[in-house]
Amino acid sequence: MHNALAVTIRILRQFAHDRRTLFMMVAAPVIALFLLNTIFGAPAYEPLILVESMPSDFTAALADAGATTEMADYNDAMVRLADANADAYVTTRDDALTVWVEGSDPSKTGAVVRAITQAQSKSLVSLELDIKPITLPGGIEIDIAKYLPIPELELPEPPEVRYIHGAADMHAFDYHGPVFIGVFIFFYVFVTSGISFLRERTGGTLERLMAMPLRRWELVLGYAQGFGLFVLVQSAIVVLASIYWVGFPNFGSIWLVLFIALSMALVSMLMGILVSEFASTELQMMQLLQIIVIPQILLSGILDLSQTPQWMQWLSRAFPVTYMTDGMRAVMLRGAGPGDVWLDLVVLWAFIVLLFGANVVALKKYRRI
Amino acid sequence: MPILAARDIVQSFGDQDVLRGVSLGVDRGEILGLLGPSGAGKTTLVNVLAGVAEPVSGVVMAFGEPMPSLDLMRRIGYMAQSDALYLDLTARENLEFFGAIYGLRADALKAAADRALRTANLQVEPRKAVRDYSGGMRRRLSLATALLHDPELLILDEPTIGLDPLHRVGIWESFRRLAAEGRTLIVTTHVMDEAERCDRLAMIRDGEFIAMGTPADLKDRAGAPTLEAAFLHFATVESGGRDA
Ligand SMILES: Nc1ncnc2c1ncn2[C@@H]1O[C@H](COP(=O)(O)OP(=O)(O)OP(=O)(O)O)[C@@H](O)[C@H]1O
Ligand SMILES: [Mg+2]
């Protein structure tokens, strides 16, 4: 126990001398969060819609619905759509409202359709919404209509939506906030602890330690304690900045969020140390990071996996990040308490115990006892 | 009973046999030198003796008990060929860490560090990180960390490499004093004038001992004026014998 404490104190002293690492530990996540903050603080996209021979109240309604409108004739519009210099062209053909869309970015197409639908119901132009396929240069014809939910005409009164979870002003992206917190913590902690332990080996100090009366578990515990303190600070920074600065919504207890974040940080730390056992240079460490961390991030819940093949869902269940994402979402978005997320926490702590043991065993490579 | 005895140590990496059945014994108060060219297997042997690496076969007994053992490691001081220091820390912080692992605390730790630094001929700079030390200073600090807990047996892998003659002489005086106090030392080297200062020498080549004895004895047996010539003599006799 004294030995583990000696290792811990040594690690903290190293941090104290290594100002750059200390600075990076704060700066790196804050920079990433700042970028997120800016991206999601930006106003909604304003589609540019070209119109020809449309009633003026319709054009005005389009503008009200957040679109920019310009007059254009068919030929001009087709050239501009083909060059992606406009998002859509609206005109009336055979008494039907007809829309050509540029169509390469579904979110922009969606914005066009929303604006037009809204304008339509406002201006009471009850024309058929007929979305024509567009021919891209090279003769490829894309039937946009197939990809779009065709909105109902004659919109009824908008329904009153009551939220069981979340809130009306929640952005679609806010759902992903908890995942970002988890992924940041996972990534930064993995890298710092992995590289630090790697240095212990490449610097020859690990071999030196193995010639001393220091038990393998004492070394791992010392690391876990030293880095534990370090990652406690780091995950607190990420969580607090995400919620109070970037503004990810949190409907649950901040303490529970912090506890889940810390549990995740401990998992990443132990995983980083374990993975560094299989690298002999920092370059190799980065290569291992690519095959170990990136898949976990992809399957962590950033993307919806509910329609993917079964094996992929099972695979995601094998990764600790998934449990952290589940727990965080439950707490932050649905206000879940400890009683609701205990299973996620148990799994995370099982990973911690498992990885701790795996690290102690992996050190056998250097000394049997 | 020898302080340290190794019997039939075989070590290999992949399909390369680095040690081919090496045996040796060291007595209390003795300085044993391991002399051999680069790649002969000195570091490999020393790592096995210190319990840092396990041999493919063979036994190492220290103080009459089998290695590796955590209790025995308390009585052994080991200095690796690379400096194995924490470069971000100051010299004192390094010594405090290694000392703490040996169970030294507070005043005892400070006294032990002062003594080890004197023995290693090093004056530390209080605020400087070891990263900014010269190579020779790091080498002596590394030696000091091996001496901290006042071990009965010291296993030192090229302790004086990269040191100037003045410090080298100072450190060998320390070794002599330690041996006179009853400590036992195993020192690897490929410098002949250091080999001369050992009580006994084991000449190693290609993972095998080609000769063992006092420096004077080895020169006598080879009929050579210098240890260098003696080494060449044993090296050719040995390989001649093997070819036959
Ligand atoms: N971990 C290892 N993996 C593979 N080969 C190794 C390893 N360690 C040592 N060797 C090989 O074992 C042989 C002996 O190496 P060793 O380091 O013991 O030599 P040495 O006598 O200490 O040399 P030097 O005087 O240069 O330090 C060398 O051929 C080396 O390549
Ligand atoms: Mg060597």
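Everything discussed here concerns the structure shown above.
Bear in mind the structure is a predicted one, so any value in this text is a computation, not a measurement.

What counts, and where the lines are drawn
- Residues numbered from 1 in each chain as written.
- Chains lettered and ligands numbered in written order.
- Predicted model: local features only at pLDDT ≥ 70, side-chain atom pairs only at ≥ 80, totals over all residues.
- Heavy atoms only, no water.
- Helix = DSSP H or I, 4+ residues; strand = E, 2+ residues; numbered from the N terminus.
- Buried < 20%, exposed > 50% of the residue type's maximum accessible area, 1.4 Å probe, protein only.
- Contact = heavy atoms within 4.5 Å.
- Areas by Shrake-Rupley, 256 points an atom, 1.4 Å probe, with all protein chains shown as cover.
- Rg over C-alpha atoms; globule rule 2.2 N^0.38 Å.
- Lys, Arg positive; Asp, Glu negative; His and termini not counted.
- Charge placed at Lys NZ, Arg CZ, Asp CG, Glu CD.
- Pairing = 2+ DSSP bridges.
- Donors = N, O, S within 2.8 Å, 3.2 Å for Na, K, Ca; no water.
- Buried area = accessible area lost by both parts, 1.4 Å probe.
- Salt bridge = Lys/Arg side-chain N within 4 Å of Asp/Glu carboxyl O.
- Polar contact = N/O pair within 3.5 Å; in protein donor to acceptor, adjacent residues only side chain to side chain.
- Nonpolar A, V, L, I, M, F, W, Y, C, P; charged D, E, K, R; others polar.
- Near = heavy atom within 4 Å.
- Axes fitted to C-alpha atoms, helices over the stretch in contact; angles between N-to-C directions.
- Parallel < 35°, antiparallel > 145°, perpendicular 65-115°, else oblique.
- 1 Å grid on protein atoms, 1.4 Å probe; cavity = no way out; pocket = protein on both sides within 12 Å on 5 of 7 lines; lining within 4 Å.
- Points joined across faces, edges and corners; volume = space filled by probe spheres on them.
- Core = buried A, V, L, I, M, F, W, Y, C linked by side-chain atoms within 4.5 Å.

## Quick look at the overall build of chain A
Of the regular secondary structure elements, chain A holds 14 helices and seven strands. The 369 residues of chain A split such that 50% are buried. Considering only residue pairs separated by 6 or more positions, chain A has 72% of its internal contacts joining residues 24 or more positions apart. For chain A, the computed accessible surface area is about 18200 Å², with 63% contributed by carbon and sulfur atoms.

## Observations concerning the overall build of chain B
In terms of helices and strands, chain B carries nine helices and 10 strands. Taken over C-alpha atoms, the radius of gyration comes to 18 Å for chain B, in line with the 18 Å a tight globule of 244 residues would show. Considered along the principal axes of its C-alpha atoms, chain B spans approximately 60 × 35 × 35 Å. Buried positions account for 55% of the 244 residues belonging to chain B. When contacts within chain B are restricted to residue pairs at least 6 apart in sequence, long-range pairs at least 24 apart make up 66% of them. Within chain B, the 34 negative side-chain charges are centred at a point lying 5 Å from the centre of the 27 positive side-chain charges.

## Quick look at the pairing of strand S2 (residues 16-26) of chain B
Residue and element names in this part refer to chain B. As paired elements, strand S1 (residues 4-13) and S2 share eight bridges and run antiparallel to each other. Paired with Val10 across the strands is Arg20, a residue of S2. The turn joining S1 and S2, which pair antiparallel and follow one another in sequence, is formed by two residues; a positive phi near 60° is taken by Gly14.

## With respect to the coordination of the magnesium ion (ligand 2)
Residue and element names in this part refer to chain B. Coordination sphere of the magnesium ion (ligand 2), protein contribution only: Thr43 (OG1) and Gln81 (OE1), at 1.8 to 2.1 Å. Of this pair, Thr43 sits in helix H1 (residues 42-50) while Gln81 sits in the loop between strand S6 (76-79) and helix H3 (91-101); the two residues are 38 residues apart in sequence, bridging distant segments of the chain. Classification of Thr43 as partly exposed rests on a relative accessible area of 26%.

## Digging into the interface of chain A and chain B
Residue-level contacts link 27 residues of chain A with 28 residues of chain B. Both faces combined, the contact of chain A with chain B buries some 2700 Å², and carbon together with sulfur accounts for 60% of it. At the junction of chain A with chain B, the criterion picks out three salt bridges. Glu93 of chain B is paired through a salt bridge with Arg13 of chain A; the nearest N and O atoms lie 3.8 Å apart. Viewed at the interface, chain B and chain A are joined by five residue pairs in polar contact (both at pLDDT 80 or more). Of all the elements in the fold, those that place two or more residues in the side of chain A that touches chain B are helix H1 (2-17), helix H7 (177-202) and helix H8 (205-210) of chain A. In terms of residue count, the dominant contributor to the side of chain A that touches chain B is H1 of chain A (eight residues). Residues of the side of chain A that touches chain B, tallied by class, amount to 10 nonpolar, seven polar and 10 charged.

## Points about the site of ligand 1
Residue and element names in this part refer to chain B. In the region of ligand 1, 14 residues are neighbours, and Ser38, Gly39, Lys42, Thr43 and Thr44 sit closest. Here Ser38 contributes a side-chain N or O atom positioned 2.5 Å from an oxygen atom of ligand 1. His190 is positioned such that a nitrogen or oxygen atom in its side chain is 3.4 Å from an oxygen atom of ligand 1. Mapped by element, the contributors of at least two residues to the shell around ligand 1 are S2 and H1. If one sorts the elements of the shell around ligand 1 by residue count, H1 sits on top with three residues.

## Some thoughts on the packing of helix H5 (residues 135-147) of chain B against helix H6 (residues 165-180) of chain B
Describing two packed helices takes the angle between their axes plus the distance from one axis to the other. Residue and element names in this part refer to chain B. At a minimum axis distance of 13 Å, the contact between H5 and H6 shows a crossing angle of 10°. Between H5 and H6, the angle is such that the two are roughly parallel. Contacts between H5 and H6 involve Arg140, Leu143 and Leu147 from the first element and His167, Ile171, Phe175 and Leu178 from the second. For the contact of H5 with H6, the per-class residue count stands at five nonpolar, one polar and one charged.

## A short note on the layout of surface pockets
Where empty space is left can be seen by rolling a probe of water-molecule size over the atoms. Residues and elements named next belong to chain A. Estimated volume of the largest pocket: approximately 810 Å³. Elements represented by at least two residues in the lining of the largest pocket include exactly H1, helix H2 (19-41), H7 and helix H9 (216-246). A per-element tally of the lining of the largest pocket places H7 first, with seven residues. For the lining of the largest pocket, a count of residues per class yields 16 nonpolar, seven polar and nine charged.

## Side note on the pattern of salt bridges
A complete count under the given rule lists 20 salt bridges over all chains for this structure. Here Glu200 of chain A and Arg10 of chain A are joined by a salt bridge, their closest N and O atoms 3.1 Å apart. Taken together, the positions of Glu200 of chain A in helix H7 and Arg10 of chain A in helix H1 put the pair 190 residues apart, joining distant regions of the chain. Considered together, Glu200 of chain A and Arg10 of chain A belong to a single accessibility category, that of buried residues. One salt bridge connects Arg176 of chain B with Asp199 of chain B, and the closest N-O pair in it is separated by 2.8 Å. With a gap of 23 residues between them, Arg176 of chain B in helix H6 and Asp199 of chain B in the loop between helix H7 (192-196) and strand S9 (200-205) connect regions that are remote in the sequence.

## A word on the nonpolar core
Soluble globular proteins tend to bury their nonpolar side chains together. In this structure, Leu219 of chain A together with Leu156, Phe175, Leu185 and Met203 of chain B are the most contacted members of the largest nonpolar core, which totals 135 residues. If you tally residues by element for this core, the top one is helix H10 (residues 254-276) of chain A, at 17 residues. Residues Ala211 of chain A together with Val60, Ala80 and Leu153 of chain B belong to the second largest nonpolar core, which totals 32 residues.

## Focus on the sheet that holds strand S5 (residues 65-66) of chain B
Paired through backbone hydrogen bonds, the strands of a sheet run either parallel or antiparallel to each other. Pairing is antiparallel in the open sheet, where four strands are placed in the order S2-S1-S4-S5 (chain B). The open sheet is flanked by S2 and S5 of chain B, the only strands paired with a single partner.

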